[in-house]
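So the chains spell out like this:
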Amino acid sequence: MSYSSTGDAMKKSRLTILILILTIYLNSFQPALSTQIQLNSIDARPGIYTLYEDEDASVKINVTYNSLPNYTEEPAVNVTVKVNGMILWSVFSLQSRKILFGELNEWNYYPLWIPKGLNRGDEIELYNSKFKVIAASENEVLVTNGSLTLKFDTFTGVMITGDLIIKGESYHVYIKATNMKLRRTDFEKLYYDWKALTKHLEKLNETYRNHLKIYSIGNSCLGRRIWVCEIPARKVEEAAIVIDGGMHGSEVIGVKAAVYILDKILENYYAIEELDRFTIIVIPMLNPDGVEASKYLPPQPQLMLKYARCNARGVDLNRNFAYAWEKGGSDQFESPVFRGLNPESEPEVKALLSIFKNRNVIFYVNLHSGVSATLIPGYNSNPYVTLYESEIAAGISNIFGHQIYKGKIYGGSANWALFASDKKALSIIIELYGDKAQLETDWFYFYNPDNNRTVEEICGKAYYSILFILKNAEKWIEKAEEIKLRREFQSRITYFAVTALVIMLAAITFMKVKKVKLQPIRH
């Protein structure tokens, strides 16, 4: 080989290495998540009603969204349209927006609701053709196929004005009335929806790149990514502590508290010495589809909260875990605590379980609302109830200044983590807030405070509760192990004592029988 060819080879090798280094360097600046995620699903829900009219009110089109009678793996809604004396219906997929069956055959793709996140220039199928987004703002999205034009509300996705085609007739209408309550102010000033959460996490990812990992553990029923925010142990990970919020989509204060906890831990990263050996895993919004529905579902009747509380298939995620699944919730689909047809059937539940199965989780915090209390999981069956009453629940309830409740067995995540997980973890349910006075007015404010002062106070207490758990988790695990060993020892002692007693009684009985047989026969 000549010197020139050797030199060329070395130059190529150096160039390859340089390109590789540059690629790694540039990739290090790419965010782990992106807000530019195109959804194809829609967030229509049963119980919603809309009335459309033309300009002179001579045409009235009533659109009602109804529940299916049974659970379906593909989330769907039954739409009834009343116009000019006609009543037409069809069932549409919430995932694909396609008609599944029914009478509205001109609506191959549902035209009265669009996916969130559309941008100018995007294309979307409505009716039986492709439409182009010609304008998109924070408030409205305008689409056209050249002959038909429709305008949609960005906050909900519902059509607010446009051309409707029904049985060959064309109607230009606008939305006149609806039973939806648009909680714009709450979600602009107080709470996160999935898009706002994703944007916030994107900023955190840029700011705390060296301390934070953000990734998805799966998708919701309607295609939203379920984000995990992981703060790895600074030195060697001995164990992980998991915190989740938004398991019930109606309880958005839990999402807010989970994000607040994440923010504060990152802000005080170097001051928290337990982070040397503990990894913090936060899942801020386990049920993003439910949260999305909570933004505008009708405030009454209370049954409406089912479609925010549950996932898009109508399953209460906190009744779908494989521990005492059949004992909790309901087997009736219309119930707000419907547990599903089988345990662990829902993608959101499977996503959470994947964390437990792949990590050494020693403590799990499940954030909820509906009452202000700390719940001891599975109280009557909990082997560590004295430890909870004297230390774990006692400490958290002191921080919040609320009561301790005796939790039940119902197929919930905290029950599963404590009793059924292969790597059993201590768990706690923190109920952050509840206002019964609001239940008859608007279920949303029963679960979530309507002012920033209360929200900040609750979130601050949640953060200090996590610091309390971090400081004591290792000690509690050791005490729980001692309790377990003591119970096992007592169980063995009891077993041997009972066995010895049975043997002794058997021996006495045998001797008595033998004595009877040996007695002389008297004539």
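Rules and cut-offs
Residues numbered from 1 in each chain as written. Predicted model: local features only at pLDDT ≥ 70, side-chain atom pairs only at ≥ 80, totals over all residues. Heavy atoms only, no water. Salt bridge = Lys/Arg side-chain N within 4 Å of Asp/Glu carboxyl O. Helix = DSSP H or I, 4+ residues; strand = E, 2+ residues; numbered from the N terminus. Buried < 20%, exposed > 50% of the residue type's maximum accessible area, 1.4 Å probe, protein only. Pairing = 2+ DSSP bridges. Right-handed = clockwise from strand over helix to strand, strands pointing away. Axes fitted to C-alpha atoms, helices over the stretch in contact; angles between N-to-C directions. Contact = heavy atoms within 4.5 Å. 1 Å grid on protein atoms, 1.4 Å probe; cavity = no way out; pocket = protein on both sides within 12 Å on 5 of 7 lines; lining within 4 Å. Points joined across faces, edges and corners; volume = space filled by probe spheres on them. Nonpolar A, V, L, I, M, F, W, Y, C, P; charged D, E, K, R; others polar.

Peer 1: Quick rundown of the pattern of salt bridges? Include the residues and the values.
Peer 2: Within this structure, the stated rule accounts for 26 salt bridges. For the salt bridge of Asp-43 with Lys-116, the shortest nitrogen-to-oxygen distance reads 3.3 Å. Taken together, the residues span a long stretch of sequence, with Asp-43 in the loop between α1 (3–27) and β1 (49–53) and Lys-116 in the loop between β5 (99–102) and β6 (123–126) at a distance of 73 residues. Side by side, Asp-43 and Lys-116 carry an identical accessibility label, which is buried. Residue Lys-475 is joined to Glu-391 by a salt bridge in which the shortest nitrogen-to-oxygen separation is 3.4 Å. One end of the pair, Lys-475, is in helix α11 (residues 452–518); the other, Glu-391, is in helix α8 (residues 385–400), with 84 residues separating them in the sequence. Judged by relative accessible area, Lys-475 falls into the partly exposed class, the value being 36%. Salt bridges here are not isolated pairs; linked through shared partners, they connect Asp-43, Arg-45, Lys-116, Asp-193, Arg-224, Asp-289, Glu-292 and Lys-295.

Peer 1: Break down the pairing of strand β14 (residues 239–244) for me, citing the residues and quoting the values.
Peer 2: Of all six residues in β14, six are buried, a share of seventy percent or more. Going residue by residue along β14, you find Ala-239, Ile-241 and Ile-243 tucked away on one face and Ala-240, Val-242 and Asp-244 tucked away on the opposite face as well. Relative to strand β15 (residues 278–283), β14 is paired through six bridges, and the arrangement is parallel. Looking at β15, one finds that Val-242 is bridged to Ile-281. Regarding the hand of the β-α-β motif, the stretch spanning β14, helix α4 (residues 252–267) and β15 is right-handed. For β14 and strand β16 (residues 361–368), the ladder comprises five bridges, and the chain directions are parallel.

Peer 1: Give a detailed account of the sheet that holds strand β17 (residues 371–376), specifying residues and quantitative values.
Peer 2: Here we have eight strands laid out as an open sheet, ordered β12-β13-β15-β14-β16-β19-β17-β18, and mixed in their pairing. Strands with a single pairing partner mark the edges of an open sheet, and in this sheet they are β12 (213–219) and β18 (403–406). Here the average twist between neighbouring strands, direction ignored, is 25 degrees. Pairing geometry for β17 and β18, over four bridges, is parallel. Counted as the bridge partner of Leu-375 is Tyr-405 from β18. Packing of helix α7 (residues 347–358) onto the sheet brings it into contact with β12, β13 (225–231), β14, β15 and β16, and relative to β12 it is tilted by some 135 degrees. In the packing of α8 onto the sheet, the strands contacted are β16, β17, β18 and β19 (426–433), and the crossing angle to β19 comes to about 25 degrees.

Peer 1: Go over the layout of surface pockets with me, naming the residues and quoting the values.
Peer 2: Roughly 1000 Å³ of internal volume is contained in the largest pocket. Thr-154, Asp-193, Lys-195, Ala-196 and Lys-199 are, among the 35 residues lining the largest pocket, the residues nearest its centre. Every element with two or more residues in the lining of the largest pocket is listed here: α2 (184–189) and α3 (194–207). In terms of residues, the lining of the largest pocket owes the most to one element, α3, which gives seven residues. For the lining of the largest pocket, the residue count by class is 12 nonpolar, 10 polar and 13 charged.

Peer 1: Give me the lowdown on the environment of Val-337, citing residues and values where you can.
Peer 2: With respect to the element layout, Val-337 can be found in the loop between α6 (306–309) and α7. Between the C-alpha atoms of Val-337 and Asp-316, which are 21 residues apart in sequence, the distance is 5.2 Å. Residues in contact with Val-337, not counting those within four places in the same chain, are Arg-309, Asp-316, Arg-319, Gly-329 and Ser-330.

Peer 1: Which residues make up the pairing of strand β10 (residues 159–166), and what are the values?
Peer 2: A large share of β10 lies buried, amounting to six of its eight residues. Taken together, strand β9 (residues 149–153) and the strand that follows it, β10, pair antiparallel across an intervening segment of five residues, in which Gly-157 is found at a positive phi of about 100 degrees. In this sheet, strand β11 (residues 169–178) lies alongside β10 in antiparallel orientation, the contact comprising six bridges. In the strand pairing of β11, Thr-161 is matched with Tyr-174.

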